[in-house]
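# Analysis of the macromolecular model
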Amino acid sequence: MTLTRLRTFLAVVETGSVKGAARRLVVTESAVSASLVALQRSLGLRLVRPAGRGLELTEAGEVYAGYVRQALGLLEAGRAAAAGEADPEGGELRIAAVTSAGEQLVPRFLHGFRQAHPRARIGLRIGNRAHVHRLLDDRHVDVVIGGRPPRGRAVLAVRPNELVVVAPGGGAAPPPRTAAPWEERRGWLAEQTWLLREPGSGTRATAEVLLDELGISPPTLTIGSGAAVREGVIAGLGVSLMSRDAVARDLASATMAVLGTPQTPLRRDWHLVAHPGRLPATAALFVRYVIMCGEFTEASRKH
């Protein structure tokens, strides 16, 4: 068993085929096949089986893949942590953020951090809540910025955040004014298409709860990124529940408008979280930076 074989196995898992893994790893398909056969022989287990033109995991392969992700993640985390300990200013910040924060909020933090620590290397990964916390679980990142964290996370810092219902700022059918009777606004919201994020998104789950609390069942459209939802609202495609941070510029320019409801705004603070225990040196620099510049407030609790 070698690291090359483990990485090859994960490439097969993630691409679903020997051909896809070979393309990703820039090796021959025969090299991938040989590595996969050797790994299965060393374990005495069948990890994959044919599925159409590709491969799928066996039950044993499914379990083993989870351990391989964690093992390789720990090795990479150890390398990055050791390098950062030797030279915190020149280490790597391995960070992930949920889509709404990663697309609109985090780049500003990273710009300031780069100015304060120009030799630091930054790896930012963006995805929905389930994805970014899986990256943290598998040790592929050291810190995560997102909404409500799962249990067992160390909450390092908190930033206030509100979720608001947003609608196009103008156009042929502008929303009722906030001063209009609630039943008028509720009727209008029930007729609009609601733009929802993909399953696994925390904002989507909150939006579904909100619709239930409002007692409406409007048409919905699933869109796979926060940026696309934002553009869809501006273009008049529908309304959505979004972070005020993510649409601050659009509200200021009046290309979007907030439509008040009895349940909103919803307080859904941003949390900067990590695994309990010692934080890698370069990640610790980032945490100190966002607290000192006032973007986040220090916290010391666990979820």
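Here the structure is shown first, and the text comes after it.
Residues numbered from 1 in each chain as written. Predicted model: local features only at pLDDT ≥ 70, side-chain atom pairs only at ≥ 80, totals over all residues. Heavy atoms only, no water.

### Some remarks on the overall build of the chain
Secondary structure summary: the chain contains 12 helices and 14 strands in total. Its C-alpha atoms put the chain at 70 × 50 × 30 Å along the principal axes. Per-residue burial over the chain gives 47% buried out of 303 residues. Expressed as a percentage of contacts within the chain between residues at least 6 apart in sequence, the contacts between residues at least 24 apart total 75%. As presented, the chain carries roughly 14900 Å² of accessible surface, and 53% of it is formed by carbon and sulfur atoms. Of note, the chain has its 38 positive side-chain charges centred 5 Å away from the centre of its 28 negative side-chain charges. (Helix = DSSP H or I, 4+ residues; strand = E, 2+ residues; numbered from the N terminus. Buried < 20%, exposed > 50% of the residue type's maximum accessible area, 1.4 Å probe, protein only. Contact = heavy atoms within 4.5 Å. Areas by Shrake-Rupley, 256 points an atom, 1.4 Å probe, with all protein chains shown as cover. Lys, Arg positive; Asp, Glu negative; His and termini not counted. Charge placed at Lys NZ, Arg CZ, Asp CG, Glu CD.)

### Focus: the side chain of Gln-192
Within the secondary structure layout, Gln-192 lies in the loop between α8 (182–191) and β8 (194–196). A polar contact is formed between the side chain of Gln-192 and the backbone oxygen of Trp-188, at a distance of 3.2 Å. Leaving out residues up to four positions away in the same chain, Gln-192 has contacts with Pro-218, Pro-219 and Val-239. (Polar contact = N/O pair within 3.5 Å; in protein donor to acceptor, adjacent residues only side chain to side chain.)

### Looking at the nonpolar core
Of all hydrophobic cores here, the largest spans 37 residues; its most connected members are Leu-93, Val-143, Ile-145, Leu-272, Leu-279, Phe-286 and Phe-296. Counting only elements with at least two residues in this core, the list comes to β3 (92–98), α6 (106–116), α7 (129–137), β5 (143–146), β6 (154–159), β13 (270–274) and α12 (281–292). Dropping the residues within four chain positions of it, Val-143 is found in contact with Leu-93, Arg-94, Ile-95, Ala-96, Leu-136, Leu-156, Leu-272, Val-273, Ala-274, Leu-279 and Ala-283. In terms of nonpolar packing, the next biggest core, distinct from the first, is built from 18 residues, Ala-22, Leu-47, Tyr-64 and Val-68 among them. (Core = buried A, V, L, I, M, F, W, Y, C linked by side-chain atoms within 4.5 Å.)

### A word on the pairing of strand β7 (residues 162–168)
The element β7 is largely enclosed, with a buried count of six among its seven residues. Across four bridges, β7 lies against strand β10 (residues 240–243) in antiparallel orientation. Looking at the pairing, Leu-163 lines up with Ser-243 of β10. Bridging between β7 and strand β11 (residues 256–258) involves three bridges; their strand directions are antiparallel. Along β11, the bridge assignment pairs Val-166 with Val-258. (Pairing = 2+ DSSP bridges.)

### Description of the environment of Gly-91
Assignment of secondary structure puts Gly-91 in the loop between α4 (59–86) and β3. When residues no more than four places from it in sequence are discounted, the contact partners of Gly-91 are Gly-84, Ala-120, Arg-121 and Thr-282.

### Looking at the environment of Asp-212
Along the polypeptide, Asp-212 turns up in helix α9 (residues 202–214). Separated by 83 residues in the primary sequence, Asp-212 and Arg-129 have C-alpha atoms spaced 21 Å apart.

### Here's the deal with the packing of helix α2 (residues 18–25) against helix α3 (residues 29–43)
In contact at an axis separation of 8 Å, α2 and α3 are set at 110 degrees when each is read in the N-to-C sense. If you check the angle between α2 and α3, you find them roughly perpendicular. Where α2 crosses over α3, the two elements pack in a sense that is right-handed. The segment α2 lies against α3, with Val-18, Lys-19, Ala-21 and Ala-22 engaging Glu-29, Val-32 and Ser-33. Class assignment for the residues of the contact of α2 with α3 results in four nonpolar, one polar and two charged. (Axes fitted to C-alpha atoms, helices over the stretch in contact; angles between N-to-C directions. Parallel < 35°, antiparallel > 145°, perpendicular 65-115°, else oblique. Left-handed = near helix turned anticlockwise from the far one by under 90°. Nonpolar A, V, L, I, M, F, W, Y, C, P; charged D, E, K, R; others polar.)

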